[in-house]
Amino acid sequence: MASSVYIHIPFCSHICTYCAFTKFYYNKKMVTDYLNTLEKEIKERYQGEILKTLYIGGGTPSSLDISDLKELFKILKVFKFQDDYEFTIEVNPENLTFDKIKLFKENKVNRISMGVESTNINCLKYLGRCHDFSLVKDKIKLLKEFGFNNINVDLIYALKNQSLEDLKKDLDNLLSLDVQHISTYSLMIEDKTILKLKGEEEIDEDKDYLMYDLIRKTLKKHGYFHYEISNFAKEGYESKHNLVYWANSEYYGFGLASASFLGNTRTTNTNNFKKYLEGDYYSEIEKLDKNDILSYALILGFRLIKGINKKEFYNKYHVELDSLYNIKDLIKDKKLIDKGGNIYISYDKIYIENSILINFVGE
Ligand SMILES: C[S@@+](CC[C@H](N)C(=O)[O-])C[C@H]1O[C@@H](n2cnc3c(N)ncnc32)[C@H](O)[C@@H]1O
Ligand code: SF4
């Protein structure tokens, strides 16, 4: 039973230099066709489960105009929610308006995730963003006036020519917004992005580490609890939706390029717009056996700073966590810590987590 849904809205008002997500420039006709197909896909696949979380991501959902958004919310009426549901929508500062916020409020949205990315005008230009920090402050203020009290902001760091001082200023600015959740991402130069085409490269690892360390120490000092490699929240404001992914629990993904995990099957939707409109939704269907499921459980679960609870793991998978792969050796090497009923990655090894997680790929 899946009680979480992700919906992809692949439209943006502009294209950023670093972005490899599936997205198109906003186009009214494309949006109308897309929403019609999205409605069909949901009707065909959704089994009527009561939802704990709904996440509308992109692209930029706030790039849709008011009439598109009204159509989207009409489609979403099919979903029923638990009392303590979380309903997130991704926005970016330049196309978030008073009327759109009002519509979100009227349609049960209770969490907002805003792409802020940087507060430094040169960094924003490098990233191809179309806003400044003063616009961000205005929009966060407006969201709070409407009663939104669960807001995330995204930060990108590790940019060429960015100093630790610049990053410190970004963090101070984000802290001044007094939001409940902060996600931080080291800039990745992805294929087929403007930065890649320009021959840009990622910064060196030592500096990247210093930046990561500055972020986690600064945010901790200001009351944000570091709960996942890239995510920080005030107590009780962890992203319930993302926790579903990290717990290796089931979820639906609707829309272009979205992913689902249902029963023992992971599916990825096509990123081909034409095929999607023709109802040819899936591009990949992966049937998982027990070992695959365990491998996913470890790779996702160890992303959490508190790691994996041994008892819960046993109750869910009927196998002792420390009997899997080379977990016992990793504990001996102090890469993993076995304490208080949980096994987790040692604080000083979080930065090199990928080199630990690679141990759990396949058996
Ligand atoms: C789908 S995008 C977000 C929301 C919205 N479209 C916006 O840009 O404001 C999700 C987040 O992923 C992060 N991200 C995307 N591409 C990235 C990259 N190449 N390197 C690091 N972070 C990236 C950004 O922080 C971005 O806000
Ligand atoms: S980062 Fe966000 S706004 Fe920029 S192109 Fe990607 S999805 Fe669109």
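Keep in mind the model is a prediction, meaning the values are calculated, not measured. (Residues numbered from 1 in each chain as written. Chains lettered and ligands numbered in written order. Predicted model: local features only at pLDDT ≥ 70, side-chain atom pairs only at ≥ 80, totals over all residues. Heavy atoms only, no water.)

J.: Which residues make up the overall build of the protein chain, and what values do they have?
T.: Of regular secondary structure, the protein chain possesses 14 helices and 17 strands. When the backbone C-alpha atoms are referred to their principal axes, the protein chain occupies close to 60 × 50 × 40 Å. Split into buried and exposed, the 363 residues of the protein chain put 52% on the buried side. The contacts of the protein chain with a sequence gap of at least 6 include a subset with a gap of at least 24, amounting to 70%. Each charge class in the protein chain was averaged separately, 51 positive and 54 negative side chains, and the resulting centres sit 3 Å apart. (Helix = DSSP H or I, 4+ residues; strand = E, 2+ residues; numbered from the N terminus. Buried < 20%, exposed > 50% of the residue type's maximum accessible area, 1.4 Å probe, protein only. Contact = heavy atoms within 4.5 Å. Lys, Arg positive; Asp, Glu negative; His and termini not counted. Charge placed at Lys NZ, Arg CZ, Asp CG, Glu CD.)

J.: Now, about the pairing of strand β4 (residues 50-58): what can you tell me, with residues and values included?
T.: β4 sits mainly inside the fold: seven of its nine residues count as buried. With six bridges connecting them, strand β1 (residues 4-9) and β4 associate as parallel partners. Residue pairing in the sheet places Y6 in a bridge with Y55 of β4. Pairing of β4 with strand β5 (residues 80-91) involves six bridges; the strand directions are parallel. The partner of L54 across the bridge, within β5, is F87. Of the crossover connections in this fold, the one passing from β4 over helix α2 (residues 66-76) to the parallel β5 is right-handed. (Pairing = 2+ DSSP bridges. Right-handed = clockwise from strand over helix to strand, strands pointing away.)

J.: Outline the site of ligand 1, listing residues and values.
T.: Not every one of the 18 residues close to ligand 1 is listed here, only the nearest: G59, E117, R129, D154 and M188. At 2.8 Å, a side-chain N or O of R129 approaches an oxygen atom of ligand 1. D154 places a side-chain nitrogen or oxygen 2.7 Å from an oxygen atom of ligand 1. Protein burial of ligand 1: of its 570 Å² of free accessible surface, 91% is covered by the chains. Of all elements in the fold, only β5, β6 (111-117), β7 (151-157) and β8 (181-186) reach the threshold of two or more residues within the shell around ligand 1. Within the shell around ligand 1, the residues separate by chemical class into seven nonpolar, six polar and five charged. (Near = heavy atom within 4 Å. Polar contact = N/O pair within 3.5 Å; in protein donor to acceptor, adjacent residues only side chain to side chain. Areas by Shrake-Rupley, 256 points an atom, 1.4 Å probe, with all protein chains shown as cover. Nonpolar A, V, L, I, M, F, W, Y, C, P; charged D, E, K, R; others polar.)

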